[in-house]
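# Understanding the architecture of this molecule
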Amino acid sequence: MTTDRGRVADGERAAAVEVRPVAGHIGAEVTGVDLAGELDDAVVAAIRAAVLRWKVVFFRGQRLDHAGHVALARRFGEPVVLPRRGKASPPDFPEIETTADRLELGGRFGMEHDEWLRRRRHTLLRGWHCDHGARVDPPAATILRAETVPPYGGDTTWSNLAAAYAGLSAPVREFADRLRAEHRLGVGYQSRPGDDAYVRHLLDHQTASEHPLVRVHPETGERVLFVNGYYVEQISGLSRPESASVLRMLLEQATRPEYTVRFRWEPGSVAFWDNRATIHLAPGDTAHLDHPRIMHRVMLAGDVPVGVDGRPSKPLVGTAPGRW
């Protein structure tokens, strides 16, 4: 009898969860759930299904602290522990990276933050990325929560790479299915004249993998156009001019407005996205504003991508499965 009551209660809690799509191909807002509470299996399953279907889901008005953030992540996978974080990240929670650390990076290499962004994101497509895409096993998902945000600006945009693949013509899909590409940390960075401390850092910490250009999603079975503007350097087997032209075409396809969703952050907002099936664009419109933007993220460990032909990604330098 107790078990039956428990099942009824679980079902009632799951029924209270509402998933409201916010764009045609990607993004949904989830209500009726307190992420800081104890989530039963039915609610976890409902959230997981929403993430797989809509690729990124949004929660508002949440009251997660660091401990609650990590506990939430553990319901969906194994949190990644980064070996190096900045001083803004909480020392007692190694699973959490505070994105304010990113504001320090330019200064570590002798640049103001706006110059740092300009040299890394000098074209519209360069800023689009998945998290840690140069690794042989990029994170499966990311859970990002907002602590402090500016009163305007600072939106994040995501794109659905499964929808982008499906939107290609059949001949181009067949062509892309057979290709692989090198993903490398620091691709496209425009170096400073003379000595550049960041270039020396990249040379000392090289990270690169060869991934299929189309990966098969391990849970949904969807084919995903596995491209981004930040890490992809070269399509294997193509000449430099051929590779550049094909990559530009595919990146433009991946970031078409109809495959995207844009989210306006508020304090207490949480975004939970499938890093295997999306790329996202962090905001570039807040560096000149005198308003803090403090975000905290936890990433979930991922698997090694597998292509349409069944071949897995392979590490080239500085990366191995499960080793961060």
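What counts and what doesn't
- Residues numbered from 1 in each chain as written.
- Predicted model: local features only at pLDDT ≥ 70, side-chain atom pairs only at ≥ 80, totals over all residues.
- Heavy atoms only, no water.
- Helix = DSSP H or I, 4+ residues; strand = E, 2+ residues; numbered from the N terminus.
- Buried < 20%, exposed > 50% of the residue type's maximum accessible area, 1.4 Å probe, protein only.
- Core = buried A, V, L, I, M, F, W, Y, C linked by side-chain atoms within 4.5 Å.
- Contact = heavy atoms within 4.5 Å.
- Pairing = 2+ DSSP bridges.
- Axes fitted to C-alpha atoms, helices over the stretch in contact; angles between N-to-C directions.
- Phe/Tyr/Trp six-rings, centres within 6.5 Å; stacked < 30°, edge-to-face > 60°.
- Lys NZ or Arg CZ within 6 Å of the ring centre and 35° of its normal.
- Polar contact = N/O pair within 3.5 Å; in protein donor to acceptor, adjacent residues only side chain to side chain.
- Salt bridge = Lys/Arg side-chain N within 4 Å of Asp/Glu carboxyl O.

### With respect to unusual backbone geometry
With a phi angle near 70°, K55 is a residue other than glycine that sits in the positive phi range. Looking at the element boundaries, K55 is found in the loop between α2 (41-54) and β3 (56-59). Overall, the relative accessible area of 1% leaves K55 in the buried class. Not every positive phi belongs to a glycine, and H132 is a case in point at roughly 50°.

### Description of the nonpolar core
Counting residues in each nonpolar core, the largest one holds 30 residues, and the members touching the most others are L213, L225, V227, I235, L250, A254 and I279. Sorting the residues of this core by element identifies α6 (161-166), β10 (223-225), β11 (232-235), α9 (240-254) and β14 (278-281) as the ones contributing at least two each. Residue contacts for L250: discarding those within four places in its chain leaves L168, V172, L213, L225 and V227. V17, A28, V43 and A73 belong to the second-largest nonpolar core, a separate cluster that totals 26 residues.

### A look at the side chain of S243
As for its position among the elements, S243 is in helix α9. With residues up to four places along the chain from it excluded, the contact list for S243 reads E233, Q234, I235 and L238.

### Overview of the sheet that holds strand β6 (residues 156-160)
Ordered by their spatial adjacency, three strands build an open sheet running β12-β6-β14, and the pairing between neighbours is antiparallel. At either margin of the open sheet sits one strand with a lone partner, and together these are β12 (260-263) and β14. Sheet twist, expressed as the average angle between the axes of neighbouring strands with direction ignored, equals 20°. Relative to β14, β6 runs antiparallel, the two being bridged by four bridges. Residue pairing in the sheet places N160 in a bridge with T278 of β14.

### Describing the sheet that holds strand β13 (residues 270-274)
With respect to topology, seven strands assemble into an open sheet ordered β1-β2-β3-β13-β5-β15-β4, the strand pairing being mixed. Lying at the two open borders of the sheet, with one neighbouring strand each, are β1 (18-21) and β4 (97-98). The pairing of strand β5 (residues 141-148) with strand β15 (residues 294-300) spans seven bridges and is antiparallel. Note that in β15 the partner of T148 across the bridge is I294. Sitting on the sheet, helix α3 (residues 66-74) is in contact with β5 and β15, with an inclination near 30° to β15.

### Things to note about the pairing of strand β7 (residues 180-184)
Counting buried residues in β7 gives five out of five residues, a clear majority hidden from the surface. As defined by bridge partners, β7 adjoins strand β8 (residues 208-212) across five bridges and the pair is classed as antiparallel. Following the sheet pairing, H183 is matched in β8 by S209. Sheet topology places β7 next to β11; three bridges connect them, and they run antiparallel. From the neighbouring strand, E182 faces β11, where its bridge partner is Q234.

### As for the packing of aromatic side chains
The geometry of an aromatic ring pair is captured by the separation of the ring centres together with the interplanar angle, meaning the angle of the planes. Summed over the entire model, instances satisfying the criterion amount to six aromatic pairs. Put simply, the rings of F58, W158, F263, W265 and W273 pair up and form one aromatic cluster. The aromatic ring of W54 is capped on one face by R53, whose charged end is 3.8 Å from the ring centroid. Seen from the ring of W324, R135 lies directly overhead, with NZ or CZ sitting 3.8 Å from the centre.

### Looking at the environment of T142
Along the chain, T142 turns up in strand β5. Leaving out residues up to four positions away in the same chain, T142 has contacts with D131, A271, F272, W273, R297, V298 and M299. In terms of polar contacts, T142 uses its side chain to reach the side chain of D131, at 2.7 Å.

### A word on the pattern of salt bridges
Two side chains carrying opposite charge are able to pair once their charged atoms lie near each other. For the structure on display, the rule yields 23 salt bridges. Of the charged contacts, one joins E266 and R60 as a salt bridge, the two residues approaching to 3.5 Å between their closest N and O atoms. Taken together, the residues E266 in the loop between β12 and β13 and R60 in the loop between β3 and α3 connect sequence positions 206 residues apart. A salt bridge links D274 to R276; its shortest N-O distance comes to 2.9 Å.

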